[in-house]
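# Report on the structure
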Amino acid sequence: MTPLRRPAALALLALMLAAPAARADFNDAPPNAKGQTPAFQGQTRAPVMPQALRLARTPLVEGLHDPWGMALLPDGSLLITEKPGNLRLYREGTLSAPLKGLPAVDDDGQGGLLDVAVAADFARTRQVWFSFSQPRQGGENGTAVGTGRLSRDGTALEDVRVIFEGQPGIDSQQHFGSRLVFDRDGALFVTTGERGLPPEMPVAQDRNNHLGKVLRIDPATGAALSGNPFAKGGGQPQIWSFGHRNIQAAALDPQGRLWTVEHGPNGGDELNQPQPGRNYGWPIISYGQNYDGNPIGAGLTAQEGMEQPVYYWDPVIAPSGMTFYQGAMFPEWQGDALIGGLRAEAVVRLKIENGRVTGEQRLAEGIGRVRDIEVAPDGALLVLIDGDPGSLVRLTRRGR
């Protein structure tokens, strides 16, 4: 081999030092659930989109206690939940003390104070909604939704009341679901989990409970809305869709359509676009397996009358938090889905075209367990990192 001349060698060395370290293609990882095949081309392992830019990371808040959800306010401030039961206000670089006025939560396992959301008229009403694991009699608990008004001084929620209590209560510390999303008509979507009950107890298939469901409720009263598929009978009237495992990511796309991402078991995290009255299959069909390596039920991945996921991951990303990018800082991401990855320890970016995923990318790999994502007014990403301590990080283009 001909040796490089010194100037050429130095130039090559500088290029190597400037380039980011190459990472293994995440699509090369072996699946958790072996022997399964997708129902259609592109349903999993979409082409990897190249890393075309570098991101700068700026810590905004450190020392959070198990943060779970956040909501962006019109002035650029953030409300941030901590699982032990704290709601805190981040404003102008300062994190408040825990706000007063919230109800008690069952802070055990995956439970606690979970998501937080505000409606489009927050600037006028100052109304806030939050989801939490509600303690109940006999050691049981359940997903509940409360609302209150943020005080003018930002130190408390006032006139707090619980508007929805998911039924039944269960003695479990798992799978509360709990994302809150407003649609463009002001209805409130609430996601729930099947509470970690074994597949032999297919509660997500039972329309007479609120477990493993997407719900659509009146944000003022918690009552079912008239457009819901079972409002006139055939199931709990708040149900929008059913047959879900544990939905911890949900968002409206730029066209106003609801998308969700739910945790699979060992394999089989799912991206869905829930439609009213549809059955999304858990635990009858799944692209995952039990943690002991045995199949879920009969090991089916498809069955008549049950919806296929738009996309699934195997191995899993462990999804939490979701938004669709609409901002000025990253015009090449416009309209793309951004999903938090707890196990992926990255922001998972999906290109979705004509209802199908056409590309996937992992942003800010190694940042930590991403619990939630918001887009700041200037287009930067605000990323909530899970843990105790947890943190809030700002992602921008390198150099800004």
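This part takes up the overall build of the chain. Secondary structure summary: the chain contains two helices and 24 strands in total. Against the compact-globule benchmark of 21 Å for 400 residues, the chain has a radius of gyration of 22 Å, which places it among compact chains. Summarising its shape, the C-alpha atoms of the chain cover approximately 80 × 55 × 35 Å along the three principal directions. Relative to its full complement of 400 residues, the chain shows a buried share of 54%. Here the contacts in the chain between residues at least 6 apart in sequence split such that 58% fall between residues at least 24 apart. Accessible area for the chain stands at about 17,300 Å²; split by element, carbon and sulfur atoms hold 49% of it.

A few words on the side chain of Glu-360. By the secondary structure assignment, Glu-360 is in strand S21 (residues 356–363). In this structure Glu-360 comes out as buried when scored by relative accessible area, which is 1%. Side-chain polar atoms of Glu-360 contact the side chain of Trp-313, separated by 2.9 Å. Ignoring anything within four residues of it in the chain, the contact list for Glu-360 reads Phe-26, Ala-46, Pro-47, Val-48, Met-49, Tyr-311, Trp-313, Val-348, Arg-349 and Leu-350.

So, on to the pattern of salt bridges. This model, assessed by the stated rule, comprises 17 salt bridges. Between Arg-369 and Asp-386 there is a salt bridge, and its shortest N-O distance comes to 3.0 Å. With Arg-369 in the loop between S21 and strand S22 (370–375) and Asp-386 in the loop between strand S23 (381–385) and strand S24 (390–397), this pair connects stretches of sequence that are 17 residues apart. Judged by its relative accessible area of 36%, Arg-369 is partly exposed.

A sheet is described by the order of its strands in space; here four strands give the open sequence S14-S15-S16-S17, paired in antiparallel fashion. In the strand order of this sheet, the two ends are held by strand S14 (247–252) and strand S17 (311–313), each with one partner. Taking each pair of neighbouring strands and ignoring which way they run, the sheet shows an average axis angle of 15°. Inspection of the sheet shows strand S16 (residues 269–272) paired to S17 by three bridges, in the antiparallel sense. Counterpart to Asp-269 in the pairing with S17 is Trp-313.

On to the environment of Arg-152, then. Assignment of secondary structure puts Arg-152 in the loop between strand S8 (141–150) and strand S9 (157–165). Separated by 178 residues in sequence, Arg-152 and Phe-330 place their C-alpha atoms 34 Å apart. Apart from the residues lying within four places of it in its own chain, the contact partners of Arg-152 are Arg-124 and Arg-126.

Reading across the sheet, the four strands line up as S1-S24-S23-S22 and stay open at both edges, with antiparallel pairing between neighbours. Edge positions in the sheet fall to strand S1 (55–64) and S22, since each has one partner strand and no second. Direction aside, the axes of adjacent strands within the sheet are offset by 20° on average.

Moving on, we come to the pairing of strand S4 (residues 86–91). In regular strands, side chains alternate between the two faces of the sheet. As paired strands, strand S3 (residues 78–82) and S4 are joined by five bridges and run antiparallel to one another. When the bridges of S4 are listed, Ile-80 appears paired with Arg-88. The loop that links S3 with its antiparallel partner S4 comprises three residues; one of these, Gly-85, has a positive phi angle of about 120°. Two elements, S4 and strand S5 (residues 94–95), share two bridges in a ladder whose sense is antiparallel.

Okay, the packing of aromatic side chains next. Tallied over the entire structure, the rule returns 10 aromatic pairs. Pairing Phe-130 with Phe-132 gives two aromatic rings, centres 5.7 Å apart and planes at 40°, and the pair type is tilted. By the burial criterion, Phe-130 is buried, and Phe-132 matches it. Centre to centre, the rings of Trp-259 and Phe-324 are 6.3 Å apart; their planes meet at 55°, and the pair counts as tilted. Here Trp-259 is found in strand S15 (residues 258–262), whereas its partner Phe-324 is found in strand S18 (residues 319–324), with 65 residues between them in sequence. You'll find Trp-259 and Phe-324 in the same group, each marked buried. Here the aromatic residues Tyr-325, Phe-330 and Trp-333 are joined through ring pairs into a cluster of three or more. Taking NZ or CZ as reference, Arg-356 lies 4.1 Å from the ring centre of Phe-40, over its face. In this arrangement the basic side chain of Arg-362 is found over the ring face of Phe-26, its NZ or CZ atom lying 3.9 Å from the centre.

Calculation notes
- Residues numbered from 1 in each chain as written.
- Predicted model: local features only at pLDDT ≥ 70, side-chain atom pairs only at ≥ 80, totals over all residues.
- Heavy atoms only, no water.
- Helix = DSSP H or I, 4+ residues; strand = E, 2+ residues; numbered from the N terminus.
- Rg over C-alpha atoms; globule rule 2.2 N^0.38 Å.
- Buried < 20%, exposed > 50% of the residue type's maximum accessible area, 1.4 Å probe, protein only.
- Contact = heavy atoms within 4.5 Å.
- Areas by Shrake-Rupley, 256 points an atom, 1.4 Å probe, with all protein chains shown as cover.
- Polar contact = N/O pair within 3.5 Å; in protein donor to acceptor, adjacent residues only side chain to side chain.
- Salt bridge = Lys/Arg side-chain N within 4 Å of Asp/Glu carboxyl O.
- Pairing = 2+ DSSP bridges.
- Axes fitted to C-alpha atoms, helices over the stretch in contact; angles between N-to-C directions.
- Phe/Tyr/Trp six-rings, centres within 6.5 Å; stacked < 30°, edge-to-face > 60°.
- Lys NZ or Arg CZ within 6 Å of the ring centre and 35° of its normal.

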